[in-house]
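# Overview (structure and organization)
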Amino acid sequence: MRRDELEHVLRAAAAVAGEDDLVVVDSSAILASAPDAPAAMLTSVEADVFPRDRPERSDLIDGAIGEGSIFQETFGYYAHGVGPETAKAPEGWQDRLVLVEGPATRGARGWCLEPHDLVLSKLVAGREKDVAFARQAVAAGIVAVATLAARVDALPVDEEHRRAVRRLVDGLT
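A brief report on the enclosed structure follows. (Residues numbered from 1 in each chain as written. Predicted model: local features only at pLDDT ≥ 70, side-chain atom pairs only at ≥ 80, totals over all residues. Heavy atoms only, no water.)

When its secondary structure is counted, the chain shows 8 helices and 5 strands. Taking 16 Å as the expected radius of gyration for a compact globule of 173 residues, we find that the chain reaches 15 Å, a close match to that expectation. A principal-axis box enclosing the C-alpha atoms of the chain has dimensions of 40 × 30 × 30 Å. Residue burial in the chain is summarised as follows: out of 173 residues, 50% are buried. Long-range contacts, defined as pairs at least 24 residues apart, comprise 68% of the intrachain contacts of the chain with a sequence gap of at least 6. When the accessible surface of the chain is split by element, carbon and sulfur atoms take 48% of a total near 8,000 Å². Averaged over its 19 positive side-chain charges, the chain has a centre that lies 2 Å from the centre of its 29 negative ones. (Helix = DSSP H or I, 4+ residues; strand = E, 2+ residues; numbered from the N terminus. Rg over C-alpha atoms; globule rule 2.2 N^0.38 Å. Buried < 20%, exposed > 50% of the residue type's maximum accessible area, 1.4 Å probe, protein only. Contact = heavy atoms within 4.5 Å. Areas by Shrake-Rupley, 256 points an atom, 1.4 Å probe, with all protein chains shown as cover. Lys, Arg positive; Asp, Glu negative; His and termini not counted. Charge placed at Lys NZ, Arg CZ, Asp CG, Glu CD.)

According to the stated counting rule, one finds 15 salt bridges in the structure shown. Across the pair Asp21 and Arg109 runs a salt bridge, and its minimum N-O distance is 2.7 Å. Remark: Arg109 occurs in strand β5 (residues 109–112) and Asp21 occurs in strand β1 (residues 21–24); sequence separation between them is 88 residues. The residue Asp153 makes a salt bridge to Arg166 at a minimum N-O spacing of 2.3 Å. Note that Asp153 is positioned in the loop between α7 (145–151) and α8 (159–170) and Arg166 in helix α8, a separation of 13 residues in sequence. Among the residues examined, Arg166 registers a relative accessible area of 27% and is labelled partly exposed. Via salt bridges that share partners, Arg96, Glu114, Asp117 and Arg151 belong to a single interconnected network. (Salt bridge = Lys/Arg side-chain N within 4 Å of Asp/Glu carboxyl O.)

Take empty space enclosed by the protein next. By the definition in use, this model includes 1 cavity of 30 Å³ or more. By volume, the largest cavity is sized at about 30 Å³. Taken together, Met1, Ser27, Ser28, Met41, Leu42, Thr43 and Ser44 form the lining of the largest cavity. When grouped by side-chain class, the residues that make up the lining of the largest cavity number 3 nonpolar, 4 polar and no charged. (1 Å grid on protein atoms, 1.4 Å probe; cavity = no way out; pocket = protein on both sides within 12 Å on 5 of 7 lines; lining within 4 Å. Points joined across faces, edges and corners; volume = space filled by probe spheres on them. Nonpolar A, V, L, I, M, F, W, Y, C, P; charged D, E, K, R; others polar.)

In this structure, Arg106 takes a positive phi of about 50° despite not being glycine. Note that Arg106 resides in the loop between β4 (98–100) and β5. The exposed category is assigned to Arg106, whose relative accessible area is 67%.

In structure tokens:
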């Protein structure tokens, strides 16, 4: 997904949900901080979003512009309506969100995971594509391994998962 596509998803999701403030918690969130991120980090065709103040409206987004929708058929990308629990990011992530707004969002505001929080959330999932995303973020200088390591203990997971994430973070150096 490119930055202009994310902006399109944001304005469409805001219109569908009747809410201007949306939170973006998947890899497309990188576009807020690094709109020119390496192409290998921008392969997703979806944006995981939820209305910031009314997350229960995520179903409206999923139904109208989600996977398999006319929106996706028309544009080749879509919004996946999720909930706040989707973000397995370190404590305090809500205070570090990075804003996407501008003329192309037409009043919609996308509050995107800060890059370190995003990478850690992906490392909690631990899939190979998530680890590859993390490696790309480090290689591109978008995130610092020291900051990732400092936030591991604040992840909302059990200690076994924290150990697994620590090993993954250590492997990024």
